Amino acid sequence: MSAQWKTKWLGQSLISLEECDSTNDEAFALAKDGADHGTCVSASMQKVGRGRMGRSWFSSDAENLYLSVVLRPEMDTRFIAPISLAAGVAVCDTINGFGVHARLKWPNDVLVAGKKIAGILSEMRTSGGTVECVVLGIGVNLNTMEFPDELKPIATSIQKESACGVERHEFLQHLFPLLEERLDAFFKDGVSSFREEWTIRADKERFFGIEIDGEEVMGKVQGLDEEGALLFVSENDTVHRVISGELVDRS
Ligand code: BT5
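Sequence positions are assigned chain by chain, starting from 1 and proceeding in written order. The model is predicted, so local features are restricted to residues of pLDDT at least 70 and side-chain atom pairs to those at 80 or more, both for listing and for counting; the totals for chains, interfaces and linings are taken over all residues. Side-chain metrics rest on all non-hydrogen atoms present in the structure, leaving aside hydrogens and water.

## Observations concerning the environment of Gly-99
For step 1, the next point in the chain: Tracing the backbone shows Gly-99 in the loop between helix H2 (83-96) and strand S4 (102-105).
For step 2, the next point in the chain: Under the relative-accessibility criterion, Gly-99 is labelled exposed at 63%.
For step 3, the next point in the chain: Separated by 64 residues in the primary sequence, Gly-99 and Ala-163 have C-alpha atoms spaced 10.0 Å apart. Starting at the N terminus, helices and strands are each numbered in turn, a helix being any DSSP run of H or I of at least four residues and a strand any DSSP run of E of at least two. Relative accessibility decides the category of a residue: with a 1.4 Å probe and only protein chains considered, values under 20% of the type maximum give buried, values over 50% give exposed, and everything between is partly exposed.

## Describing the nonpolar core
For step 1, the next point in the chain: Buried Ala, Val, Leu, Ile, Met, Phe, Trp, Tyr and Cys residues form a nonpolar core when they are joined through side-chain atoms within 4.5 Å. Counting residues in hydrophobic clusters, the biggest one holds 58 residues, and the most contacted among them are Ile-95, Phe-171 and Trp-198.
For step 2, the next point in the chain: No other element matches H2, which puts nine residues into this core.
For step 3, the next point in the chain: A contact between two residues is defined here by any heavy atoms of the two lying within 4.5 Å. Excluding residues within four positions of it along the chain, Phe-171 makes contact with Leu-65, Thr-94, Ile-95, Phe-98, Val-140, Leu-142, Ile-158 and Val-166.
For step 4, the next point in the chain: Residues Ala-27, Val-41, Cys-133 and Val-135 belong to the second largest nonpolar core, which totals seven residues.

## Concerning the sheet that holds strand S3 (residues 65-71)
For step 1, the next point in the chain: Taken in spatial order, the seven strands of this open sheet run S1-S2-S3-S7-S6-S5-S4, and their pairing is mixed. Each edge of the open sheet is held by one strand with a lone partner, namely strand S1 (14-20) and S4. Strand-to-strand twist in this sheet, taken as the mean axis angle between neighbours without regard to direction, amounts to 20°.
For step 2, the next point in the chain: Strands are treated as partners if at least two bridges between them are detected by DSSP. Sheet topology places strand S2 (residues 40-46) next to S3; three bridges connect them, and they run antiparallel. Paired with Ser-42 across the two strands is Leu-67, which belongs to S3.
For step 3, the next point in the chain: Between N-to-C directions, angles cover 0 to 180 degrees, with each direction set by a line fitted to C-alpha atoms, over the stretch in contact for helices. Sheet contacts for helix H4 (residues 168-189): S1, S2, S3 and strand S7 (130-140); angle to S3, the most-contacted strand, approximately 30°.

## Observations regarding the pattern of salt bridges
For step 1, the next point in the chain: One speaks of a salt bridge when a side-chain nitrogen belonging to Lys or Arg is within 4 Å of a carboxyl oxygen belonging to Asp or Glu. The full count for this structure, using the stated rule, is 22 salt bridges.
For step 2, the next point in the chain: Note that Asp-21 and Lys-47 form a salt bridge whose closest N and O atoms lie 4.0 Å from each other. Pair noted here: Asp-21 is in the loop between S1 and helix H1 (23-32) and Lys-47 is in the loop between S2 and S3, with a separation of 26 residues, a long-range link.
For step 3, the next point in the chain: A salt bridge links Arg-206 to Asp-203; its shortest N-O distance comes to 2.8 Å.
For step 4, the next point in the chain: Residue classification places Arg-206 among the partly exposed positions, given a relative accessible area of 21%.
For step 5, the next point in the chain: Overlapping salt bridges, with partners in common, bring together Glu-19, Asp-21 and Lys-47 in one network.

See the structure below:
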């Protein structure tokens, strides 16, 4: 048990960097050198923070969280993808503990009042059908007050929402035990370990558009199915099962 974090394995080793390109790259390098399950790397600033599908993650030096965790789950590669949904529940609960009302947006966003406050990027290296390692990257806007123009309408931070600054170390003290518990449950029981909790925290009131079979369908989030696919109810009450795509706010 780590006295500092109240965890069994997560963050036993935490490497804190001043800056790097991407903490996910640093974590993969550590994993290649044999880093243990639960090894973490954080940076005060990222030069090339990344999101999914080649998108970038704005990573200023405003005392935010840029964290990557090396994981070595004994799981079939086919069942790993929903890990970012499981982690999202822990990230959402941690943010809520700082007095803001965070909600989950499928697949990997945490929003406050419709603006993105955190994003999760999980990446995997495999060898011969088995998982070599998963790197779970978590970016949380703790203290950014000024976003670049293109992000101003869509991004926010805990400090912006609550008018209180958050220390990274204090945030980690809350995040690590919650995240460890969620990850342990996911490795043991898969999607069923977080499906209900995820749905409770999802933004189910907002109208979204999502592309299905080449056309935008408008509707609301209903929840997740047993494989972690999104259940999306369109305006004519049809429930669509979505395994990949992007929800666009149309409210
Ligand atoms: C994500 O991608 O939301 C995953 C972000 C993961 C970042 C962490 S930081 C630590 C680790 N190291 C990395 O290099 N990455 C991980 P995606 O769903 O593709 O969202 C990207 C989109 O979010 C961008 O295209 C912008 O629209 C928006 N965005 C970029 N930076 C943002 C920020 N700081 N806050 C809110 N929204 C942002």
